[in-house]
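Fold and contact review
Residues per chain, in single letters:
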Amino acid sequence: MAGRHKYRLKCQTINKQNKLPCKAKGILMKNGKIRCRIHGGFSSGAKTLEGKIKSLKNLRQFKNLNDEEIRTHITNKQRHRENADERNAFNANMRKVWFSKSF
Ligand SMILES: [Zn+2]
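Numbers given for residues are sequential positions, taken from 1 along each chain in its written order. The predicted nature of this model means local features are confined to residues of pLDDT at least 70 and side-chain atom pairs, given and counted, to a pLDDT of 80 or more, with totals for whole chains, interfaces and linings taken over all residues. Derived side-chain values reflect all non-hydrogen atoms in the structure, with water molecules and hydrogen atoms excluded from consideration.

1. Some remarks on the overall build of the chain
Secondary structure elements follow DSSP: runs of H or I no shorter than four residues count as helices, runs of E no shorter than two count as strands, and numbering proceeds from the N terminus. Along the backbone of the chain there are two helices and two strands. Taken against the 2.2 N^0.38 rule, which gives 13 Å for 103 residues, the C-alpha radius of gyration of the chain at 20 Å runs more than 25% over that of a compact globule. Projecting the C-alpha coordinates of the chain onto the three principal axes gives extents of approximately 55 × 45 × 25 Å. When the 103 residues of the chain are sorted by exposure, 14% land in the buried category. At a minimum sequence separation of 6, the contacts of the chain that also span at least 24 residues come to 11%. Carbon together with sulfur atoms contributes 55% to the accessible area of the chain, which is approximately 9500 Å² in total. Within the chain, the 7 negative side-chain charges are centred at a point lying 18 Å from the centre of the 26 positive side-chain charges. Our radius of gyration looks at C-alpha atoms and nothing else; its globule reference is 2.2 Å times the residue count to the power 0.38. Any residue under 20% of the maximum accessible area for its type is buried, any over 50% is exposed, and the rest in between are partly exposed; the area is computed with a 1.4 Å probe on protein chains only. The contact criterion used throughout is that any non-hydrogen atoms of two residues lie within 4.5 Å. Calculation of accessible area relied on Shrake-Rupley with a 1.4 Å probe; when residues are assessed, cover is drawn exclusively from the protein chains displayed. When charges are counted, Lys and Arg are positive and Asp and Glu negative, with His and the chain ends excluded. Positions of charges follow a simple convention, taking NZ of Lys, CZ of Arg, CG of Asp or CD of Glu.

See below:
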């Protein structure tokens, strides 16, 4: 049976046509989601800035924006992620300090 085994990772996407969950077997991706080969299981996403702009242009919310605006959006997003990483590291440090104090 091609990808319909009982003990398999199920793809977590919902079908666009009939709004039912995808029945294919999936692959656990780096971000913790399970995707089949059709729904981007093997893809690691757009790498270059040009590719990212091209992919975002297909979305409705970016349809009327030009390249510059999308580029600023991408860079702002990356900055936000860096800030989140810093915050997480700070929280982990604080947690360590807190537990070392209490025990
Ligand atoms: Zn799928």
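Picking up where we left off.
2. Looking at the pattern of salt bridges
By definition, a salt bridge exists where a carboxyl oxygen of Asp or Glu is found within 4 Å of a side-chain nitrogen of Lys or Arg. Applying the stated criterion to the full structure yields two salt bridges. One salt bridge connects aspartate 67 with lysine 57, and the closest N-O pair in it is separated by 2.9 Å. Residue aspartate 67 is found in helix H2 (residues 67-102), and its partner lysine 57 is found in the loop between helix H1 (49-56) and H2; the two are separated by ten residues along the sequence. Using a relative accessible area of 39% as the deciding quantity, one classes lysine 57 as partly exposed. As a salt-bridge pair, arginine 71 and glutamate 68 come within 2.9 Å of each other at their nearest N and O atoms. Pair noted here: arginine 71 and glutamate 68 are both in helix H2, with a separation of three residues, about one helical turn.

3. Topic: the nonpolar core
In terms of nonpolar packing, the biggest core is built from five residues, these being Ile53, Leu56, Phe62, Ile70 and Ile74. Of all the secondary-structure elements, those providing two or more residues to this core are H1 and H2. Setting aside anything within four residues of it in sequence, one finds leucine 56 in contact with Phe62, Ile70, His73 and Ile74. We call a set of buried Ala, Val, Leu, Ile, Met, Phe, Trp, Tyr and Cys residues a nonpolar core when their side-chain atoms join them within 4.5 Å.

4. So, the confidence of the model for the chain
The pLDDT value expresses, per residue, how confident the predictor is, ranging between 0 and 100. This prediction gives the chain a mean pLDDT of 82; 93% of its residues lie at or above 70. For the chain, the element scoring lowest by mean pLDDT is H2, at 80; strand E2 (residues 34-35) scores highest, at 88.

5. Comments concerning the side chain of arginine 35
Looking at the element boundaries, arginine 35 is found in strand E2. Although arginine 35 is buried, it forms no salt bridge, and the closest oppositely charged side chain is aspartate 85 at an N-O distance of 20 Å. Beyond its immediate chain neighbours, meaning those up to four positions away, arginine 35 contacts Cys11, Gln12, Thr13, Gly26, Ile27, Met29, Gly40 and Gly41.

6. Description of the environment of isoleucine 38
Position of isoleucine 38 relative to the elements: it lies in the loop between E2 and H1. On a C-alpha basis, the gap between isoleucine 38 and cysteine 22 in space is 9.7 Å, while along the polypeptide they are 16 residues apart.

7. So, the side chain of threonine 13
Tracing the sequence through the fold places threonine 13 in the segment before strand E1 (27-28). We define a polar contact as two N or O atoms separated by no more than 3.5 Å, with the added condition that, inside protein, one atom must be a possible hydrogen donor and the other a possible acceptor, whereas residues neighbouring each other in sequence contribute only through side-chain atom pairs. A polar side-chain atom of threonine 13 sits 2.8 Å from a polar atom in the side chain of histidine 39. In this view, threonine 13 contacts Leu20, Pro21, Cys22, Arg35 and His39; residues no more than four positions away in its chain are not counted.

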